[in-house]
Amino acid sequence: MITRSVMYKGFATFGLVCLLAACGDEGPMEQAGEQLDEAATDTQNAIEDKCEDIKGELKAEDTDC
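These remarks concern the structure in this document.

Reading the values: rules and limits
- Each chain has its residues counted from 1, following the order in which its sequence is written.
- Local features in a predicted model are, by the rule used here, given only for residues with pLDDT of at least 70; side-chain atom pairs are given and counted only at 80 or more, and totals for whole chains, interfaces and linings are based on all residues.
- With hydrogens and water stripped out, all remaining heavy atoms of the structure feed into the side-chain values.
- Secondary structure counts use DSSP, requiring at least four H or I residues in a row for a helix and at least two E residues in a row for a strand, with both numbered from the N terminus.
- Think of it in three bands: residues with accessible area under 20% of the maximum for their type are buried, residues over 50% are exposed, and the middle band is partly exposed, with areas taken using a 1.4 Å probe on protein chains only.
- Patch definition: residues with relative accessible area over 30% and no salt bridge; like charges joined within 9 Å; nonpolar side chains (Val, Leu, Ile, Met, Phe, Trp, Tyr) joined within 5 Å.
- Shrake-Rupley sampling with a 1.4 Å probe provides the accessible areas, and residues are treated as covered by the protein chains on show and by no other component.
- In what follows, salt bridge is the name for a side-chain nitrogen of Lys or Arg lying within 4 Å of a carboxyl oxygen of Asp or Glu.
- His residues and chain termini do not enter the charge count, which takes Lys and Arg as positive and Asp and Glu as negative.
- Note that the charge is assigned to NZ on lysines, CZ on arginines, CG on aspartates and CD on glutamates.

1. What to know about the overall build of the protein
And step 1. Within the protein one finds two helices and zero strands.
And step 2. Expressed as a percentage of the 65 residues in the protein, the buried residues total 0%.

Dropping the structure here:
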C-alpha cells in the first residue's frame, strides 16, 4: 500500500514538472511585454542622453542626469 508521504511526493513532483513545462514557451503576450520593456528602456536612455547633452552645452558641473 502506498503511504501518504510517497503519494504527496508524487503529487509535488508532478506539479513541479507541469509548472516548469508551462514556463518554457513564450506566448504573444510575453513577447509584447518584452517589446514594451525594451521600448521603455530605449526611451529612458534617449532622455538621459539628451539631458547629458544639454548639461554639457550649459557647462554644468554635474553632467549626470
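2. Overview of a negative patch on the surface
And step 1. Together, Glu48, Asp49, Glu52, Asp53, Glu57, Glu61, Asp62 and Asp64 line one region of the surface with negative charge.
And step 2. Turning to its location among the elements, Asp62 is positioned in the segment after helix 2 (28-57).

3. Some thoughts on unusual backbone geometry
And step 1. With a phi close to 55°, Lys59 is a non-glycine residue in the positive phi region.
And step 2. Residue class for Lys59 comes out exposed when judged on its relative accessible area of 71%.

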